[in-house]
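Architecture and fold: a report
Each chain is listed here by its residues.
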Amino acid sequence: MATLSTSGRSAFLHGQWSVGDSTALYGVADWGKGYVGVTNEGHITVMPGKDPGRQINLHEVIDGLRERGIHTPVLLRFNDLLTHRLREIRKAFDDAITEQQYNAGYACVYPIKVNQQRHVCEQIASLGVELGFGLEAGSKPELLAVLGLSATAGGPGVNGMPIICNGFKDDEFIETVTLATKLGRNIIPVVEKFTELELIVKHAKAYGVRPRIGLRVKLSARGAGRWESSAGVRSKFGLFMSEVLKAVDYLKAHGMLDCLNLLHCHVGSQLYDIRVFKNAVNELAHVYCELKKLGAGLSMLDIGGGMGVDYDGSQSACSSSINYTVAEYARDVVYRIKSVCDSANVEHPMIVSESGRAMVAYSSVLIVDVLGASRFESHPDLDAIEAMVRGEVAAGNEVPQPILDLLDAYRSLTDRNIMETYHDATQARDEALSLFSLGYMTLAMRAAAEQIFWALCHRILERAGKRGEIPDELTALPELLSDIYFCNFSLFQSMPDSWAIDQLFPICPIHRLNEQPTRQAILADITCDSDGKVDHFVDKREDKKTLELHDLRTDEHGGSEPYYLGVFLLGAYQEILGDLHNLLGDTHAVHLKLSDPAAGGTGWEIDEVIEGDTVEEVLSYVQYDVPDLKRAMRLDVEAACRQGRLTLSEGKSLLKYYDDGLEGYTYLEG
Ligand code: PLP
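Every chain begins its residue count from 1, and numbering advances along the sequence as written. In keeping with the predicted nature of the model, local features appear solely for residues at pLDDT of at least 70, side-chain atom pairs appear and are counted solely at 80 or more, and the whole-chain, interface and lining totals rest on all residues. Side-chain metrics rest on all non-hydrogen atoms present in the structure, leaving aside hydrogens and water.

The next subject is the packing of aromatic side chains. Stacked, tilted and edge-to-face are the three classes assigned to paired rings of Phe, Tyr and Trp, where Trp is represented by its six-membered ring and a pair needs centres within 6.5 Å; plane angles under 30 degrees give stacked, over 60 edge-to-face, the rest tilted. For the structure shown, the criterion picks out 15 aromatic pairs. Their ring planes at 65 degrees and their centres at 6.4 Å tell us that tyrosine 485 and tyrosine 563 sit as a pair that is edge-to-face. Here tyrosine 485 is found in strand 16 (residues 483-487), whereas its partner tyrosine 563 is found in the loop between strand 20 (547-549) and strand 21 (564-567), with 78 residues between them in sequence. The same class applies to tyrosine 485 as to tyrosine 563, namely buried. Each helix is a run of DSSP H or I of at least 4 residues and each strand a run of E of at least 2, with the numbering of both proceeding from the N terminus. Partly exposed residues are those whose accessible area sits between 20% and 50% of the maximum for their type, while under 20% is buried and over 50% is exposed, using a 1.4 Å probe and protein chains only.

What follows is about the pairing of strand 7 (residues 134-137). A two-sided burial pattern is seen for strand 7, the buried positions comprising Gly134 and Glu136 on one face and Leu135 and Ala137 on the other. For strand 6 (residues 106-111) and strand 7, the ladder comprises three bridges, and the chain directions are parallel. Of the residues in strand 7, the one forming a bridge with valine 109 is glycine 134. Regarding topology, helix 6 (residues 118-131) serves as the crossover connection from strand 6 to the parallel strand 7, and that connection is right-handed. Here strand 7 runs beside strand 8 (residues 163-165); their pairing, made up of three bridges, is parallel. Counted as the bridge partner of alanine 137 is cysteine 165 from strand 8. Paired strands are those between which DSSP finds at least two bridges. Seen with its strands pointing away from the viewer, a crossover is right-handed when the path leading from the first strand over the helix to the second is clockwise.

Bringing the sheet that holds strand 3 (residues 44-46) into the picture now. With respect to topology, three strands assemble into an open sheet ordered 2-3-4, the strand pairing being antiparallel. Looking at which strands have only one partner, the edges of the open sheet turn out to be strand 2 (36-38) and strand 4 (56-57). By the bridge criterion, three bridges tie strand 2 to strand 3 in an arrangement that is antiparallel. Counted as the bridge partner of valine 38 is isoleucine 44 from strand 3.

Within this scheme, the nonpolar core is defined by two criteria: the residues are buried Ala, Val, Leu, Ile, Met, Phe, Trp, Tyr or Cys, and they are joined through side-chain atoms within 4.5 Å. In terms of nonpolar packing, the biggest core is built from 153 residues, with Leu58, Leu76, Tyr110 and Leu263 touching the most fellow members. Examining the composition of this core, we find that 11 residues originate from one element, helix 11 (residues 274-293), more than from any other. Setting aside chain neighbours within four positions, we find tyrosine 110 in contact with Asn115, Val120, Cys121, Ile124, Gly134, Leu135, Glu136, Ser355, Gly356, Met359 and Val360. By size, the runner-up hydrophobic cluster in this structure holds 32 residues, among which are Val389, Ile403, Leu406 and Tyr410. Contacts are residue-level and defined by heavy atoms, with any inter-residue pair within 4.5 Å sufficient.

By themselves these figures say nothing about function.
Right, here's the structure in full:
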């Protein structure tokens, strides 16, 4: 027997529903970590500073945007939340450093690959000066962006904003870095393979620069989770220990051992188990101390990224979660480095981390509208089916036995014969399908068999649910019977990791949370791809295959009432990894900020609107010439009008739709 979880049971028990029930059902407080709340009227809010007194009501935002002509899907970015998160990380390390009397500082360098959007990076760069944070680039384009972003930050030399360059580098890359050092940038190329070191020395000599050099080492400590292979001796990046020693000799031979300033490792992203960090940092600190003793001018220990995010709110060592907090992470990192350095009598290094995901994940939320739903009929028109059966009998036709068995099973279900009825119904349904395939059953009879069977399954599940436990044989039923809610977005564009690596993101309605959700559903996007669906949902306790949602309603004019879902924690990696499947482009992105209290503001403001791709834009990405398309269309319409297949006014309308469509959003507009 599978015991029904609170969330499972809630779908069956019909009591007095409160906003608190929804908060618990969707785990809002668990994954929201103080950034997400629910109002008494059942609307989701974002609290960018974890201050319940300053909330942004997402339903209100969507209404406001709609009035301005900005339709869902829309990505909301919360500037103040990003600021809060950066400060939280800064504070965690400051506290750990003070508590443990650590004698050096801390800097976080934001790897821009996690979200390169200019607005995001500019905000981090501008806060970097205040917080002592920097930027990390992993490719040539990222280097050029980072050089531009850090232009005026922090002043020249080692006091300037730290810039770390990871990834493979060619001659031109290293020459640029060398000249940037001469310009006064605090830039550290991290050697990923030995030949890069030779290039650094070559250009340093040519330009008369004393560069700051970093080495990435291959640790024996393994990572964990999906990006486990980022570390270990078989990792793509970094130097073997023998190469590290060779690098020391090489730099010594060139009189540049003092330039070796930073030691780096990266053991993977979304590290869910704190023990992985402890082991890696411990090993890295030992290597650091050994190199210090060999005379390296080391002063910085860069522990890479990997600080994870508790996507499912379970605070556990599983891939959608993490078993530690930011504060625990900071304390453990500081403690490990301090204890290794103290026992080796080596000065404490400045600690650098390259946390990307943990910094930006919380700051973006995608809002999508539900376009409609497909569902099995749970209350078939038995009268109509029985009338059909009687009609067949009256006409002297034999009614297939499975139909009679199914009708009988449907009527005779009680609490005491749930499983027996299920077995009988399953057999009758299978027999009906065989008869149809052999040509002994009409399509109408087959449709009736399916209708009765699925409706009966609904009733069976309802009865089992009321008892609080679902027999093992029935555990697949909720998923099979669930509705499909069609949502106006592309999974491949907006949450690609859901498709690529089964990453879970918290999803819940942003309104109607004061009403009990009565449907179980999976979500489908608007791409023509059966993979474009979400059929796993976050839950603290179980592997949840359906999401509780509200019935769709019609408004007073008979149209469908909007129903919006929020997909949370999308700020890391999703925007840049998203692709143009089916030519569905970037969604609109809207930056929101809290109004300035000094100016008397208590609400929120739109800081910036970045319009999503138009159809014309996505077509040009795949090399269409839009004027050519328009010309071809016009000629065809002209010909059709001449030949009488279209009237002039129909032709005019078609061309207008075509032109407007090209200028419009790639998503459906209600
Ligand atoms: N640093 C390096 C070298 C990386 O490869 C990555 C990502 O994989 C990061 C930092 C950022 O990791 P995360 O976003 O998990 O903090």
